[in-house]
Amino acid sequence: RKLRLLKDTLINVVLGCFILIYVIFFVFEGSYIFGALLGRIPEGFNVVEYARNGFFELIWVMVINMLLYLLVNAFTKDDSKTKLNKGLLITLMSTSIIFATVSFVKLGLYFNKFGYTPKRILAMWGAVVLAGGAIFVITSIVKTKSYARSWIIFAVVTYILMCMIGSGFNLY
C-alpha cells in the first residue's frame, strides 16, 4: 500500500511538472507559439523557419506526452488511477491537442506560401494522427476502456484518405 502511494505520488509529480513546464511555456512563448493561429510570423523569422522549426518542436512534445502516457499506463492499472492522476493525464493530452492544432496551423501558413508536396501532406497527417491519438487517450481515460485499436484504425483510414486525396492533386 505504501509503495503504491509513493508510486502514485511520483507519477503525479512528474505529470504535474510537465504540465507546469507547458503552462510556463505558453505564458512566456504564447505570442510566438500562437501567432500562427492569427497568421502572424514573429519578427526575425520567415515562413519557412517559423513553420518548420515550430512544427518539429511541437511534434516532439506530443511524442513525449504519448510516451509519458504509455509509461503511466504501464505502471498503473485503470482501477488504481486516482482522480488526480486521471485529471493530470487528461490535461497532458489536452496540451497535445493544443500543440497539434498549432502545428497544423503552422503547416497551413507554409502551404499557403509554397503549396502542397507529399512530404508536407504527410507532416500534416502526422499532426492529425497525434491529435487523434490524444483524443483517443482522453476517451480511454474517461471511459476506462482502451481505444488503441480505434486509434490505429483512424491512422490507417486517414492515411488511405490522404493518399487518395493526394493523388487527386497529382502530388504522387
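Refer to the structure printed above.
Residues numbered from 1 in each chain as written. Predicted model: local features only at pLDDT ≥ 70, side-chain atom pairs only at ≥ 80, totals over all residues. Heavy atoms only, no water.

1. A closer look at the overall build of the protein
Logical step 1: Secondary structure summary: the protein contains 5 helices and 0 strands in total.
Logical step 2: Within the protein, buried positions represent 40% of all 172 residues.
Logical step 3: Within the protein, contacts between residues separated by at least 24 positions form 74% of all contacts whose residues are at least 6 apart in sequence. (Helix = DSSP H or I, 4+ residues; strand = E, 2+ residues; numbered from the N terminus. Buried < 20%, exposed > 50% of the residue type's maximum accessible area, 1.4 Å probe, protein only. Contact = heavy atoms within 4.5 Å.)

2. Section: the layout of surface pockets
Logical step 1: Taken as a whole, the largest pocket holds about 340 Å³ of empty space.
Logical step 2: Its residues assigned to classes, the lining of the largest pocket comprises 11 nonpolar, 5 polar and 4 charged. (1 Å grid on protein atoms, 1.4 Å probe; cavity = no way out; pocket = protein on both sides within 12 Å on 5 of 7 lines; lining within 4 Å. Points joined across faces, edges and corners; volume = space filled by probe spheres on them. Nonpolar A, V, L, I, M, F, W, Y, C, P; charged D, E, K, R; others polar.)

3. Comments concerning the nonpolar core
Logical step 1: By size, the foremost hydrophobic cluster in this structure holds 37 residues, and its most contacted members are Leu15, Leu92, Met93 and Phe99.
Logical step 2: Secondary structure elements with two or more residues in this core: helix H1 (2-34), helix H2 (47-75), helix H3 (83-114) and helix H4 (118-143).
Logical step 3: Among all residues touching Leu92, those that are not within four sequence positions of it are Leu15, Phe18, Ile19, Tyr22, Asn65 and Leu68. (Core = buried A, V, L, I, M, F, W, Y, C linked by side-chain atoms within 4.5 Å.)

4. Describing a nonpolar patch on the surface
Logical step 1: On the surface, Leu122, Ile152, Ile153, Val156, Val157, Tyr159, Ile160, Leu161, Met164 and Ile165 cluster together into a nonpolar patch covering about 930 Å² of accessible area.
Logical step 2: The greatest single-element share of the nonpolar patch, amounting to 9 residues, is contributed by helix H5 (residues 148-168).
Logical step 3: Of note, Ile160 is situated in helix H5. (Patch = residues over 30% accessible without salt bridge, like charges linked within 9 Å, V, L, I, M, F, W, Y side chains within 5 Å. Areas by Shrake-Rupley, 256 points an atom, 1.4 Å probe, with all protein chains shown as cover. Salt bridge = Lys/Arg side-chain N within 4 Å of Asp/Glu carboxyl O.)

5. Some thoughts on unusual backbone geometry
Logical step 1: Of note in this structure, Thr144 is not a glycine but carries a positive phi near 45°.
Logical step 2: Within the secondary structure, Thr144 is located in the loop between H4 and H5.
Logical step 3: The exposure class assigned to Thr144 is partly exposed, which follows from its relative accessible area of 43%.

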